[in-house]
Amino acid sequence: MKISLLLFLLPLFTSGQVNKLDEDNPFRLNSKRYAFESKYLAPRDVKLTFSSIKIIDNRFDTSKIGYTKRNTFLGATKKAFSKIDFKDGVEKSFEQFYNSYYENAFDKSGFTLVMVLKKFWYSLVSQNKSKAINILRYDRNEASIYYKIDYYLEKNSQYLPLKRVDSVININDEMVDLLNDNVEDKEQFLFVKNLLKHLVEKYDFSPGLKAFNNYPKKNYVEIQNYNKKMFDIKILEDSVFTKGVYLNFKDFKENKPSILNFVEKKSRYSSIRKEEFIEDENGKAINQLWGYSDGSFFKIGIYSHDKIYRVNNTFEFFVPAVWYIQNTNTPGNSGLVIPSNIRNEIWIPMQIDMETGQIY
């Protein structure tokens, strides 16, 4: 069963499929599977106006909630991170957590609060570091959680739409540390659990309960059909990339490059690495581009021309991040301390938000 799941999640573009995963494909990273459980019950003063919570995972990538940095890099710059996965999957794990934690807080009205996850992603870089130069200087434990959730009230298989929340929060160093391996003395994913509690306890759903019989409602099939519409994107429907240069995210979503003919060239900028650049058919450099494809692969151009790979209904890639740490502990021949810069490089796995084009 695990083998079948892996094969299903491999890059779906047939022209790019191979028996062995490309080393530049983040999907080859190990999964760090957690048990996402509630160790406590909600305080007695927490009272909810519904009887249970149901989660529907309708994200572009339902296989994980993001990546976490490993404690040991093992000298492999492309193995510095692990996928964050839950033993029972995100949908079931979140739902079990909610219904366990709020066991004594539910009422007996028979209503269910339905939360449709459109986005829930733990990003390795904070939202204020979205600029390419900041990501390439990855040198701190900063992170963000992006979330977008649709709320419904359900009773007797009838669903009343309530509200939508769409936001992002930054996570500080201490909260990021809770994802490390050595957390025996702490509760894993405490910041995620606190966010989930906030997403339920912050809002007053009683007006929806009172108005439930006064507004049109939907059935489950209608909700699912509505949710599926977010995947109606041309690049997800096609089996191959169209050859050419894509100047923006809109070009990419439509699989319709603005420039059809181009030449990919490389120039060496260090003794060990080469930088790629693109020219049009007249030999003029194309500097402002979102990405480009030769029909078999696609390289996103907003960072360093990195090859992207499909997973579920989105795409992922590595961003090579470089930063320098000043070392002042190396004495010279005269016994004086001579400052030197130590070069550090790791490859950060990033994902494309197929709704907005946000890279996180």
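Computed from a predicted structure; not experimentally measured.

## A few points about the sheet that holds strand β11 (residues 291-293)
- Ordered by their spatial adjacency, four strands build an open sheet running β8-β11-β12-β13, and the pairing between neighbours is antiparallel. Only two strands of the sheet have a single neighbouring strand rather than two, namely β8 (244-246) and β13 (306-307).
- Note: strand β12 (residues 298-300) against β13, two bridges, orientation antiparallel. From the neighbouring strand, Ile300 faces β13, where its bridge partner is Asp306.

## Brief notes about the environment of Gln351
- Relative to the assigned elements, Gln351 resides in strand β16 (residues 340-351).
- When the C-alpha positions of Gln351 and Pro26 are compared, they lie 9.5 Å apart, and in sequence the two are 325 residues distant.
- A distance of 2.7 Å separates polar atoms of two side chains, one belonging to Gln351 and the other to Glu316.

## Observations regarding unusual backbone geometry
- One non-glycine residue with positive phi stands out, namely Asn156, at about 55°.
- In this fold, Asn156 is placed in the loop between β6 (143-155) and β7 (158-171).

## Digging into the side chain of Glu316
- Structurally, Glu316 can be placed in strand β15 (residues 314-327).
- Glu316 sits in the buried class, given a relative accessible area of 1%.
- Side chain to side chain, Glu316 and Lys64 meet in a polar contact 2.9 Å long.
- Residue contacts for Glu316: discarding those within four places in its chain leaves Pro26, Phe27, Asp61, Lys64, Tyr67, Trp121, Lys307, Ile308, Tyr309, Val311, Met350 and Gln351.

## Focus on the nonpolar core
- Residues Tyr102 and Phe252 are the most contacted members of the largest nonpolar core, which totals 81 residues.
- The leading source of residues in this core is β6, at seven residues.
- Filtering out sequence-adjacent residues up to four positions away, Phe252 remains in contact with Ile235, Phe241, Tyr246, Trp290, Phe298, Ile308, Phe315 and Met354.
- In this structure, Val245, Phe262, Ile278 and Leu289 belong to the second largest nonpolar core, which totals seven residues.

## Description of helix α5 (residues 190-201)
- Between its first and last C-alpha atoms α5 spans 16 Å; for twelve residues at 1.5 Å apiece the expected length is 16 Å, and the two agree.
- What α5 keeps buried is the set Phe191, Val192, Lys193, Leu195, Leu196, Lys197, Leu199 and Val200.

## Considerations on the packing of aromatic side chains
- All told, the structure shown has 34 aromatic pairs when counted by the stated rule.
- A centroid spacing of 5.2 Å and a plane angle of 40° characterise the contact between Phe36 and Phe94, whose relative ring orientation is tilted. Here the residue Phe36 occupies a position in the loop between β1 (31-34) and β2 (52-57), and Phe94 occupies one in helix α2 (residues 89-101), the gap between them amounting to 58 residues.
- For Phe36, a relative accessible area of 5% translates into the label buried.

Criteria and thresholds
Counting from 1, residues in each chain are numbered in the order their sequence is written. Local features are withheld for residues below a pLDDT of 70 in this predicted model, meaning they are given only at 70 or higher, and side-chain atom pairs are given and counted only at 80 or more; totals for whole chains, interfaces and linings count all residues. Excluded from the side-chain calculations are hydrogens and water; all other atoms, namely the structure's heavy atoms, are used. Two strands qualify as a pair provided that DSSP identifies no fewer than 2 bridges between them. Numbered from the N terminus, helices here are DSSP runs of H or I no shorter than four residues, and strands are runs of E no shorter than two. A 3.5 Å cut-off defines polar contacts: any pair of N or O atoms within that distance qualifies, except that in protein one atom must be a possible hydrogen donor and the other a possible acceptor, and neighbouring residues in sequence count only when both atoms are side-chain atoms. Buried means the residue's accessible area, taken with a 1.4 Å probe over protein chains only, is under 20% of the maximum for its type, while exposed means over 50%, and partly exposed covers the values in between. Pairs of residues are marked as contacts when any of their non-hydrogen atoms sit within 4.5 Å. Within this scheme, the nonpolar core is defined by two criteria: the residues are buried Ala, Val, Leu, Ile, Met, Phe, Trp, Tyr or Cys, and they are joined through side-chain atoms within 4.5 Å. Helix span is expected to be 1.5 Å times the residue number reduced by one. Paired rings are identified among Phe, Tyr and Trp, the last through its six-membered ring, by centres lying within 6.5 Å, and are further divided according to the angle between planes into stacked (under 30 degrees), edge-to-face (over 60) and tilted (the rest).

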